[in-house]
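Descriptive analysis of the structure
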There are 2 protein chains.
Amino acid sequence: MKDPQYYIQGVLDKDMRVLSKAITLIESSRSDHKVLSRQVIDSLIPYSGKAVRLGITGVPGAGKSTFIESLGMFLSEQGLKVAVLAVDPSSSRSHGSIMADKTRMERLSIEPNAFIRPSPSGGSLGGVASKTRESMIACEAAGFDVLIVETVGVGQSETTVASMVDFFLVLMISGAGDEIQGIKKGVLELADGVAVNKADGDNIEKAKQTRKEYESALHLRMPETRTWSAPVMICSALKMTGIDTIWETVLDHRKKFTDTGELEEKRKKQSVAWMKELFEDGVKEWFYNKNDAKKRLKKLRREVENGSISPTSAAGELLKVLED
Amino acid sequence: MKDPQYYIQGVLDKDMRVLSKAITLIESSRSDHKVLSRQVIDSLIPYSGKAVRLGITGVPGAGKSTFIESLGMFLSEQGLKVAVLAVDPSSSRSHGSIMADKTRMERLSIEPNAFIRPSPSGGSLGGVASKTRESMIACEAAGFDVLIVETVGVGQSETTVASMVDFFLVLMISGAGDEIQGIKKGVLELADGVAVNKADGDNIEKAKQTRKEYESALHLRMPETRTWSAPVMICSALKMTGIDTIWETVLDHRKKFTDTGELEEKRKKQSVAWMKELFEDGVKEWFYNKNDAKKRLKKLRREVENGSISPTSAAGELLKVLED
């Protein structure tokens, strides 16, 4: 086991090998690793926070990997250092992590300015997300300019990714009726921007039509702030068109939110919310492991389902564990 | 202080005076009242669950009170007993509860088949909602056929009301552009049905246009289940038109969800979720009151905001309270 200074200095020296090892440390579930990892992260925090944090989700078939590769290449060519991270609570190394797999991004994976890291394996969404958040800090301390956090369309992972980035982009494709419905409830509400991908060849007109539909749909919700109203763009990741406009939009958003102070405010809120989430999870875990709370919960749950006890009384019963 | 049997028997005897008193007991924050209230609710639970539980929210100016009064009168005229409850965490008796105020529903308030109860005063959303949920049980045990739970458009109250009803109706009005945007993020996602109100006189064509817009917007989200796709209807609460169609839709939804078993499943899930919410809140409250957890949290929060400590370390620090 290494010294914390090994990781801290290596990351600050932009040593990619050490960054990888630091992230492996962050992802470890061994309790001595956790202690070490906290020391490392706490020392790196003052060097973090400068990157553009971009979250990306997409409906199935939207071409998310190709899009991330194209955007990553576009940014690399401008001399920007790009890290691609992922949040996928369903991934597990032993079953083959499909997320952010380097083989899916052949060009970007050999690009010296780019760093691709698959989702931490297994665990709850909260656990996986927390590891990704810490990896973001390490990447920022290692001098990355842009962090792309991708999500798989499972459960609540979109909300989680949106809560750790500055700009949340939803990738769509045009398609008749039913196909469009693949978007999950509430995802559009999280978007700072929407991009309709695969706008190439015969598909351009359809993509423009889809853009219009999403513009109306977005119009029907209240804007997040007075500073920003989420635009709908079209692009082709395959033909590398429209990528520049999307990036300009991200920068425009960044400038506006920096000027109004909303970016700093947003990040502070995200950090405090993350802290609260972590310790509330910790308290709950502690509670469930206390005495026979789990057994009691199971029994009470059945009684509530049968209607033989009110939820209030059941909760009261369970809270008696705290008196033990 | 009365005996629990006084409340239980009175409610089951459909004595409205006792029902009112039982709800006052439910809403009391005195700890001896809480114990008594739990006994009463637990005894009433077996007699509850038969009513149609309808949640209603609306954009400002949608005419929610008039709508609820018209729907209530329509149902009363069919011999159905209707109770109107409200969830308004901002209301406080001393500052004058504006919600479900009897004076807003002049005709319905003197209708013998109807029972109108303002929102419990003050407290957190969770606390107010929990009291409303218990009042629903009391009203059902007292033989009400339809429970209408209205929400004010504040904070998360829509999500909360949607989580305690069978059918959640969102009331809209037609209006040019900006006015429509008054709808909050995510509310449309909760809707089992949408009604465009004030479709009367010169306004009918505009209402039809608005209906079309909302139909497209709803089309862009994934349906909640295969059983149901939220319809958009038009009505005029003032002219009493379209109310029948809305009620038929609620009954159609009820029939379909009863046949598939989804209604029972939904209610079971709601009860278990409510129980979990109550005891997780209880655990958190207990934690925050333990030792100097609140003071520590305040300090750590500041440090997280300053970036001098990572959220993970801060959470770890705070959890040490549990070891004391």
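Residues numbered from 1 in each chain as written. Chains lettered and ligands numbered in written order. Predicted model: local features only at pLDDT ≥ 70, side-chain atom pairs only at ≥ 80, totals over all residues. Heavy atoms only, no water.

1. Some remarks on the overall build of chain A
For the record, the criterion: Segments assigned H or I by DSSP are reported as helices when at least four residues long, segments assigned E as strands when at least two residues long, and all are numbered from the N terminus. Using a 1.4 Å probe on the protein chains alone, a residue whose accessible area is under 20% of its type maximum counts as buried, one over 50% counts as exposed, and one in between counts as partly exposed. Every residue pair with non-hydrogen atoms within 4.5 Å of one another is taken to be in contact. Here, Shrake-Rupley sampling with a 1.4 Å probe gives the accessible areas, and only protein chains in the shown set may cover a residue.
On a plain count of helices and strands, chain A comes out with 13 helices and seven strands. Across the 324 residues that make up chain A, the buried fraction comes to 53%. Of the contacts formed within chain A by residues at least 6 apart in sequence, a portion of 77% connects residues at least 24 apart. Approximately 14,300 Å² of chain A is accessible, and the part contributed by carbon and sulfur atoms is 52%.

2. Regarding the packing of helix H11 (residues 262–289) of chain A against helix H11 (residues 262–289) of chain B
Worth spelling out the cut-off: Interaxial angles span 0 to 180 degrees and are taken between N-to-C directions of axes, which are lines fitted to C-alpha atoms, for helices over the stretch in contact. Any angle from 65 to 115 degrees is called roughly perpendicular, while one under 35 is roughly parallel, one over 145 is roughly antiparallel, and all others are oblique. Under the grouping applied here, Gly and all other residues not named as nonpolar or charged are polar, the nonpolar ones being Ala, Val, Leu, Ile, Met, Phe, Trp, Tyr, Cys and Pro and the charged ones Asp, Glu, Lys and Arg.
It is the contact of H11(A) with H11(B), at a shortest axis distance of 10 Å, that shows an interaxial angle of 105°. Put simply, H11(A) runs roughly perpendicular to H11(B). Between H11(A), through Phe279(A), Glu280(A), Val283(A), Lys284(A), Trp286(A), Phe287(A) and Tyr288(A), and H11(B), the contact on the second element is made entirely by Phe279(B), Glu280(B), Val283(B), Lys284(B), Trp286(B), Phe287(B) and Tyr288(B). A per-class count over the contact of H11(A) with H11(B) returns 10 nonpolar, no polar and four charged.

3. With respect to the nonpolar core
Rules: What is meant by a nonpolar core is a set of buried Ala, Val, Leu, Ile, Met, Phe, Trp, Tyr and Cys residues, joined one to another through side-chain atoms within 4.5 Å.
Judged by nonpolar contacts, the single largest core of 85 residues is most densely connected at Leu19(A), Phe67(A), Leu71(A), Cys139(A), Ile148(A) and Leu169(A). Filtering out sequence-adjacent residues up to four positions away, Leu71(A) remains in contact with Leu54(A), Ile56(A), Ile148(A), Ile243(A) and Trp247(A). The next biggest cluster of nonpolar side chains, apart from the first, holds 83 residues, and it includes Ala22(B), Val40(B), Ala83(B) and Leu263(B).

4. Remarks on the environment of Glu213(A)
All names here are of chain A. Looking at the secondary structure, you find Glu213 in helix H9 (residues 204–219). Residue classification places Glu213 among the partly exposed positions, given a relative accessible area of 32%. For the pair Glu213 and Glu111, spaced 102 residues apart in sequence, the C-alpha separation works out to 37 Å.

5. Points about the packing of aromatic side chains
What counts is decided by this rule: Working definition: rings of Phe, Tyr and Trp (its six-membered ring) pair if their centres are within 6.5 Å, and the pair is stacked with planes under 30 degrees apart, edge-to-face with planes over 60 apart, and tilted otherwise.
In the structure shown here, the tally under the stated rule is 13 aromatic pairs over all chains. A ring pair is formed by Phe167(A) and Trp228(A), whose centres lie 6.3 Å apart and whose planes are at 75°; its orientation type is edge-to-face. In this pair, Phe167(A) sits in strand S5 (residues 167–173) while Trp228(A) sits in the loop between H9 and strand S7 (232–234), placing the two residues 61 residues apart along the sequence. Both rings, one in Phe279(A) and one in Tyr288(B), keep their centres 5.9 Å apart while their planes meet at 85°; by these two values the pair is edge-to-face.

6. Description of the pattern of salt bridges
Note the cut-off: Whenever Lys or Arg places a side-chain nitrogen within 4 Å of a carboxyl oxygen from Asp or Glu, that contact is recorded as a salt bridge.
Scanning the entire structure with this criterion turns up 32 salt bridges over all chains. Between Arg30(A) and Asp32(A) there is a salt bridge; the shortest N-O distance is 2.7 Å. A salt bridge links Asp166(B) to Arg254(B); the shortest N-O distance between them is 3.4 Å. With Asp166(B) in the loop between helix H7 (157–162) and strand S5 (167–173) and Arg254(B) in helix H10 (residues 243–259), this residue pair connects regions lying 88 residues apart in the sequence. Through salt bridges with shared partners, one network takes in Asp166(A), Arg254(A) and Arg267(A).

7. Points about helix H4 (residues 64–77) of chain A
Because each turn of an α-helix spans 3.6 residues, side chains separated by three or four positions end up pointing in the same direction. All names here are of chain A. Our working rule: In this analysis, the expected span of each helix is defined as 1.5 Å times one less than the number of residues it contains.
Relative to the 20 Å expected for 14 residues at 1.5 Å per residue, H4 spans 20 Å between its end C-alpha atoms, a close match to the ideal helical length. The buried count for H4 comes to 12 of 14 residues, which makes it a mostly enclosed element. Along H4, the residues that are buried comprise Lys64, Ser65, Phe67, Ile68, Glu69, Ser70, Leu71, Gly72, Met73, Phe74, Leu75 and Ser76. Following H4 by one or two positions, Gly79 adopts a phi angle in the positive range, close to 85°.

8. Things to note about the sheet that holds strand S7 (residues 232–234) of chain B
Whether parallel or antiparallel, the strands of a sheet pair through hydrogen bonds between backbone atoms. Residue and element names in this part refer to chain B. Under the convention used in this document: In this analysis, strands are considered paired if DSSP registers two or more bridges between them.
In spatial order, the strands read S3-S2-S4-S1-S5-S6-S7; together these seven strands make up an open sheet with parallel pairing. Lying at the two open borders of the sheet, with one neighbouring strand each, are strand S3 (114–116) and S7. On average, each strand axis in the sheet is inclined to that of its neighbour by 25°, with strand direction left out of account. One ladder, built from three bridges, connects strand S2 (residues 82–87) with S3; its direction is parallel. Its bridge partner lying in S3, Val82 is registered against Ala114. Contacting strand S1 (52–58), S2, S3, strand S4 (146–151), S5 and strand S6 (193–197), helix H4 (residues 64–77) crosses the sheet at an angle of about 155° to S1. The sheet contacts of helix H9 (residues 204–219) involve S5, S6 and S7, and relative to S7 the element is tilted by about 170°.

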